[in-house]
Amino acid sequence: MKRKDISKLTVDDAKTELAELALLLSTANTAYHGQDEPEIEDATYDALKRRNAQIEAKFPELKRRDSPSDQVGSAPASGFSKIKHAVPMLSLANAFSAEDVHDFADRIAKFLGVTTESLKFTAEPKIDGLSLALRYEDGRLVHAATRGDGETGEDVSQNALKIPSVPQSIKTRLKVLEVRGEVYMTHKDFEELNKRQKIAGEKTFANPRNAAAGSLRQLDATITAQRPLAFFAYAWGETSADLSETQMGAVNTLSDLGFQTNPLMMLADSVEDLIQHYTLIEKQRSSLGYDIDGVVYKVDDLRLQSRLGFRATTPRWAVAHKFPAETAWTRLTEIEIQVGRTGALSPVARLEPVNVGGVVVSNATLHNEDYIKGLDGKGNPIRDGKDIREGDLVQVYRAGDVIPKVADVDLDKRTNDMPFDFAQRLSELGISAQRAEGDAVWRYAGDHPMDEVAIEGLKHFVSRQAFDIEGLGAKQIEMFYYDPDLPVKRPADIFTLQTRDDQNLTKLANRSGWGKTSSENLFRAIDEKRLIPLHRLIFALGIRHVGEIAAKLLSQTFVSWDMFWDVVEKAKSSEDARMTIENIDGIGPIVASSLIDTCHSVSARENILDLVSHLRIEDAQILAPSSSPVSGKTIVFTGTLEKMTRAEAKAKAEALGAKVSGSVSAKTDMVVAGPGAGSKAKKAAELGVDIIDEDAWIEMANSK
DNA sequence: GATCCTCGAGTTCA
DNA sequence: CTCGAGGATC
């Protein structure tokens, strides 16, 4: 391929070529790592990568988020490279009843300060497949990504190109258009595929959804090409201009661009309309030819959508009204008790394996003692108050189509006349435990630490959000824990593995299942994590009530391990130090006590200090100041807001990185005062805090 | 003291 | 994904 001299490239040329190179190189990468014949020779690959770097050097502002120069040599473990979504791919809140749908609409109306009757919604079937984001730049597909964790997905560009209903290029004037939708497989195609798989002696799929997922995530895209996948477009991510003013209009635009959109999408004027459409779609469910698991409702007006904004993981303006889950009856053979890392003892039902909606289930969660008795957390009856006993015939469903649960018990078939006695079972098992007043769970309360607790703690320590040590997963942890020659009983032991192995007569490398390479890889992976960010370390300690978020808050507050540890040490005796912790927004007395008590218990303290002696701890990054003028500020709203409700103003401010408080104090940076503002505005004036009116606030909030 | 939201901890199967 | 419970707010 002939390429222009770099010095003669225009900005547009450069942009187009960078997009081209990104796709080309990532295609080559995947083909290379997918045990396939490399599509291009190494020398060509290197030349293209060099050219990419040269263009980036000349036009640094054009460097792409998915730039090939950032993708170092080897692909990640999964075989697909990662793509960070420009706009996060969120999940939807669920509604399980007409009442939930009414609540959804009323909540929105209240948030916006309008009547429920004035709102319009779209309703469309919720396709049971897997979501896919297709990014087009200047009308050409530059990459395709799975949802992943919502922030970052996997690059499945080559695979997406093999789906007939995914256009390679579209006629649009938009610089950037990210189309989102669902990849699925029809029932007919699914059955034919399984027939072919069976004849070929390959594994068959349990259901169309698994078949679609398995087919899209093929490292070898030529396999994807042989799989009958289809794509419905229903949403969008980043766009360089608005698609429409309404949800319906935007989806119609996608349809005009050549995407398949769902014919059953309609506009509804009222909640009653929504429910009616739900019933209609449910009636057609079995004859659609593809799986759906509910109906999605969205606020039609896109301006209202943007005013409504997002909660932590879901948009406020959409909900998924789920169909009742599929159920199956089976025998509950036994109730077992599992031990968690906090010592929580949770009951699990062992079941005679049964197919529930295409998946074979043999376990189900029973949550806690009360749940088995037929009571929820507040003492209200569930399952009509029926208790669960070993030997019962039970009805099982998968909550959220994932977690198996017991929906019902057939009392007529019951033969066991003994209700399940949680406390008695624990004593039979020789487990000393107690259930605290007002608590739902039983916790281990013996003198000696339980092996199970220690093992779960170690698993937590190496988990993905903690130390994330490659090659040291749950299985290896269990093996090392009971290993007589090379035991790992606490986190610090991980970091002495290699020196201890060096002193041993029988080396890890000589054991069955291990070799020189795998043991060296493990030691290297461990060494790589001797440098660890502070928040990961705090999270990894596994302190009760201190999860990922609390660990980040603590890390942001204290910045360095020394500062953190110093305050925690002093907090036992110094009220001041304790209050420094409790005053962190998001941390209260219970979390603080848990942190302080744990770190002062003799054994934990010793373990922590020992661990830390093997590590270099990276200080917290001070949050980059956001571009918004209100970011990091504390704002108080007072008086009557005329253009938005309180809830909306608060959500908007928080989305911009501000904190919203109810009362004016010395910490307040700004007061937004509407008509009728009284004492708060007065107090603000006394304190010399900035006071602005609603219009000035809106201008500021929108100025970005 | 009630209520909403978010986090933590526990859960299944491919 | 769901439940229980902590934290913030009114």
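The shown structure was predicted, so the numbers you read here are calculated from the model rather than taken from an experiment. (Residues numbered from 1 in each chain as written. Chains lettered and ligands numbered in written order. Predicted model: local features only at pLDDT ≥ 70, side-chain atom pairs only at ≥ 80, totals over all residues. Heavy atoms only, no water.)

The next point concerns the protein's contact with DNA strand C. Residues in close proximity to DNA strand C total 22 residues, the closest being D439, A440, G586, G588 and V591. For DNA strand C, the fraction of protein-proximal atoms (within 4 Å) that sit in sugar or phosphate groups is 100%. The separation between a phosphate oxygen of DNA strand C and a polar side-chain atom of D585 is 3.2 Å. Of all the secondary structure elements, the ones that give two or more residues to the surface near DNA strand C are β16 (403–409) and α22 (589–600). No other element matches the 3 residues that α22 contributes to the surface near DNA strand C. Of the residues contributing to the surface near DNA strand C, the split by class is 11 nonpolar, 8 polar and 3 charged. (Near = heavy atom within 4 Å. Polar contact = N/O pair within 3.5 Å; in protein donor to acceptor, adjacent residues only side chain to side chain. Helix = DSSP H or I, 4+ residues; strand = E, 2+ residues; numbered from the N terminus. Nonpolar A, V, L, I, M, F, W, Y, C, P; charged D, E, K, R; others polar.)

This part is about helix α3 (residues 98–112). Compared with the 21 Å implied by 1.5 Å per residue over 15 residues, the 21 Å span of α3 between its first and last C-alpha is a close match. Three or more residues of α3 are buried, namely V101, F104, A105, I108, A109, F111 and L112. All buried residues of α3 lie within an arc of 165 degrees about the axis, which places them on one face of the element. Turned more than 90 degrees off the buried face of α3, the exposed positions are E99 and K110. (Expected span 1.5 Å × (residues − 1). Buried < 20%, exposed > 50% of the residue type's maximum accessible area, 1.4 Å probe, protein only. Arc of directions from axis to C-beta.)

With 6 of 7 residues buried, strand β3 (residues 121–127) lies mostly within the body of the structure. Sheet analysis places β3 next to strand β9 (residues 266–268), joined by 3 bridges and oriented antiparallel. Considered in β9, the bridge of F121 is made with A268. Relative to strand β10 (residues 292–299), β3 runs antiparallel, the two being bridged by 7 bridges. Bridge pairing in β10 links K126 to G294. (Pairing = 2+ DSSP bridges.)

The backbone phi angle of H367 is positive, close to 60 degrees, even though this residue is not glycine. Residue placement: H367 occurs in the loop between β14 (359–365) and α11 (369–373). Phi at D468 takes a positive value of approximately 50 degrees, unusual for a residue other than glycine. As for its placement among the helices and strands, D468 is situated in the loop between α13 (451–461) and α14 (474–481). We classify D468 as partly exposed; its relative accessible area is 33%.

Per-residue confidence for chain A gives a mean pLDDT of 84, with 88% of residues at or over 70. The model gives residues 30–39 a pLDDT under 50, and that stretch makes 15 contacts with residues more than four places away or in other chains. Within the model, pLDDT remains below 50 along residues 71–78, and this stretch shows 13 contacts once partners closer than five positions in the same chain are excluded. (pLDDT = per-residue confidence, 0-100. Contact = heavy atoms within 4.5 Å.)

Turning our eyes to something else, we now look at the protein's contact with DNA strand B. Residues in contact with DNA strand B amount to 25 residues; listed here are only the nearest, Q338, R341, T342, S362 and I403. Near the protein, within 4 Å, the atoms of DNA strand B are sugar or phosphate in 92% of cases. The separation between a phosphate oxygen of DNA strand B and a polar side-chain atom of T342 is 2.7 Å. A distance of 2.9 Å separates a phosphate oxygen of DNA strand B from a polar backbone atom of S362. Among the secondary structure elements, those contributing two or more residues to the surface near DNA strand B are β13 (344–356), β14, β16 and α19 (548–558). Looking at the surface near DNA strand B element by element, the count peaks at 6 residues for β14. Classifying every residue of the surface near DNA strand B gives 12 nonpolar, 9 polar and 4 charged.

In this fold, E582 is placed in helix α21 (residues 575–582). Ignoring anything within four residues of it in the chain, the contact list for E582 reads I587, G588, P589 and A592.

Let us now look at the packing of aromatic side chains. Scanning all chains against the criterion turns up 17 aromatic pairs. Ring centres 5.4 Å apart and planes at 55 degrees place the aromatic pair Y184 and Y290 in the tilted group. Within this pair, whereas Y184 is found in strand β7 (residues 176–184), its partner Y290 is found in the loop between α9 (271–284) and β10, the two being separated by 106 residues in sequence. Note on Y290: relative accessible area 9%, which makes it buried. (Phe/Tyr/Trp six-rings, centres within 6.5 Å; stacked < 30°, edge-to-face > 60°.)

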